[in-house]
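Take a look at the letters that make up each chain.
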Amino acid sequence: MAGRVILLLLLIIILSVGGIIWFDFLNVIDAKTVLAPIYRFIPFVPGEGRTQPVIADDDLINLDAERLAIRLEVIDLYLMELETQQRDLDVQYNLIRQMEQELEEQRKALDDQVKSFMASMQDAENKDRNVEQNARYLTGMPPQNAVNILASLDDQVVIDVIRKTEEIARAEGTVSIVAFWFSLMEPARAAELQRKMAGRPPSL
C-alpha cells in the first residue's frame, strides 16, 4: 500500500514538473530560471534560464532626464500661457484706464459747461436786477436829471434801461416816462436810440 502511494506521488510530481516545463516551453509561464538545473538533463531545451532585460544606470538616468524635460516643457507652456493672459490683461487694463481718463475729461468739460452756464445765468440775473434798480432810480428822479445821466451812458445800456422802464410801467399799470425822456434828449441821440431799439430784439 505504501509503495502505491509513493508511486502516485512520484507520478504527480513528474506530471506537475512536466506540465510546468511544457507551459514554460509554450511561453505561458516563465519557469526556466527555477528549472534551470532540470533543463541541463533535457537535451531539446536550453539549460539557461530565461533572462530578463537589464536596464543600465545610464538608461535610468536618461529616462529621468526625459521625464524632467517633459515636465519642464509643460511648465514652459504653462508660463507662456500665463504671459499671454497677462499681456491680454494689461491691454484690457490700459483700455479701461484710457476710457476712464476720457470719461473724466468729459465729466470735467461738462462740469465746466454747467459752471459757465450757471455763471451766465447769475450774471444775467445780476444784470437784470441792476438794470431794474437803475430804471426805478431814474424814474423816481426829475426827468431832466435822468436824461442827463442817460446821456453819459452807452447806447446799449440806455436801451436796456428804457426797455426795463417800459416793462415796469406795464407790470404796474402806470404810464411810462420813456416818451418824456426822449423829448428831453438831443434829437439826434433820441433818433439813434429809437433806431437801434427798432432794429434789435430786447437784450433781457
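As shown above, the structure is provided for reference.
For every chain, the first residue of the written sequence is number 1, and numbering continues from 1 onward in sequence order. Side-chain atom pairs in this predicted model are given and counted only at pLDDT of 80 or more, local residue features only at pLDDT of at least 70, and totals for whole chains, interfaces and linings cover all residues. Just so you know, side-chain values use all the structure's heavy atoms and leave hydrogens and water out.

Draft legend 1. Geometry of the overall build of the protein chain. Each helix is a run of DSSP H or I of at least 4 residues and each strand a run of E of at least 2, with the numbering of both proceeding from the N terminus. A tally of helices and strands in the protein chain yields seven helices and zero strands. Starting at the N terminus and walking to the C terminus, you meet the elements of the protein chain as α-α-α-α-α-α-α. Buried residues are those whose accessible area, probed at 1.4 Å on protein chains only, stays under 20% of the maximum for their type, while exposed residues exceed 50% and partly exposed ones sit between those limits. Put simply, the protein chain has 204 residues, and 18% of those count as buried. Throughout, a contact is declared for two residues whenever any of their heavy atoms are within 4.5 Å. Put simply, 50% of the contacts in the protein chain that link residues at least 6 apart link residues at least 24 apart. Here the Shrake-Rupley method, with its probe set to 1.4 Å, supplies the accessible areas, and only the displayed protein chains count as covering residues. Surface summary for the protein chain: the accessible area is close to 16000 Å², and the carbon and sulfur share equals 63%.

Draft legend 2. Expanded view of the pattern of salt bridges. Note on definitions: salt bridges are taken to be side-chain nitrogens of Lys or Arg within 4 Å of carboxyl oxygens of Asp or Glu. The full count for this structure, using the stated rule, is twelve salt bridges. Across the salt bridge formed by Arg-97 and Glu-100, the nearest N and O atoms sit 3.2 Å from each other. Note that Arg-97 and Glu-100 are positioned in helix α3 (residues 57-140) at a spacing of three residues, about one turn of the helix. Note on Arg-97: relative accessible area 34%, which makes it partly exposed. Glu-100 sits in the partly exposed class, given a relative accessible area of 42%. Notably, a salt bridge pairs Arg-107 with Glu-104, separated by 2.5 Å at the nearest N-O pair. One end of the pair, Arg-107, and the other, Glu-104, are both in helix α3, three residues apart, so they sit about a helical turn from each other. In this structure, a network of salt bridges that share partners links the residues Asp-155, Arg-189, Glu-192, Arg-195 and Lys-196.

Draft legend 3. Structural detail: helix α4 (residues 143-151). Considered for burial, the residues of α4 that qualify are Ala-146, Val-147 and Leu-150. Down the axis of α4, the buried set is contained in an arc of 100°. They therefore lie on one face. Working definition: the arc comes from the directions between the helix axis and the C-beta atoms, pointing outward to the latter.

Draft legend 4. Structural view of the packing of helix α5 (residues 155-172) against helix α7 (residues 187-199). Angular values range over 0 to 180 degrees, each being the angle between N-to-C directions of two axes fitted as lines to C-alpha atoms, with helices fitted over their stretch in contact. Orientation of α5 relative to α7, taken along the N-to-C sense of each, is 75°, at an axis distance of 10 Å. Relative to α7, the element α5 lies roughly perpendicular. Of α7, the residues touching α5 (which contributes Asp-155, Val-158, Ile-159, Ile-162 and Arg-163) are Arg-189, Glu-192, Leu-193, Lys-196 and Met-197. Per-class residue counts for the contact of α5 with α7 are five nonpolar, no polar and five charged. What sets the label is the angle itself: under 35 degrees gives roughly parallel, over 145 gives roughly antiparallel, 65 to 115 gives roughly perpendicular, and the rest give oblique. Under the grouping applied here, Gly and all other residues not named as nonpolar or charged are polar, the nonpolar ones being Ala, Val, Leu, Ile, Met, Phe, Trp, Tyr, Cys and Pro and the charged ones Asp, Glu, Lys and Arg.

Draft legend 5. Structural context of α5. Between the first and last C-alpha of α5 there are 26 Å, a value that for 18 residues agrees with the 26 Å anticipated at 1.5 Å per step. Where α5 is concerned, the buried positions are Asp-155, Val-158, Ile-159, Asp-160, Val-161, Ile-162, Arg-163, Lys-164, Thr-165, Ile-168 and Ala-169. In a helix, the anticipated span is given by 1.5 Å times the number of residues less one.

Draft legend 6. A look at the nonpolar core. Among buried residues, those of type Ala, Val, Leu, Ile, Met, Phe, Trp, Tyr and Cys that are joined through side-chain atoms within 4.5 Å constitute a nonpolar core. In this structure, Leu-138, Leu-150, Trp-181, Phe-182 and Met-185 are the most contacted members of the largest nonpolar core, which totals 20 residues. For this core, the element with the most residues is α5, which contributes five residues. Discounting chain neighbours no more than four positions away, the residues touching Trp-181 are Leu-138, Thr-139, Pro-143, Ala-146, Val-147, Leu-150 and Thr-165.

Draft legend 7. Just the side chain of Lys-164, in detail. Within the secondary structure, Lys-164 sits in helix α5. Every residue in contact with Lys-164, bar those within four places of it in the chain, is listed here: Asp-128, Val-131, Glu-132 and Ala-135.

Draft legend 8. The arrangement of a nonpolar patch on the surface in detail. Residues Leu-68, Leu-72, Ile-75, Tyr-78, Leu-79 and Leu-82 make up a contiguous nonpolar surface patch of about 560 Å² in total accessible area. Within the fold, Leu-68 resides in helix α3. Residues with no salt bridge and a relative accessible area higher than 30% make up the patches, which join like charges within 9 Å and nonpolar side chains (Val, Leu, Ile, Met, Phe, Trp, Tyr) within 5 Å.

All we've got here are geometric facts, nothing functional implied.
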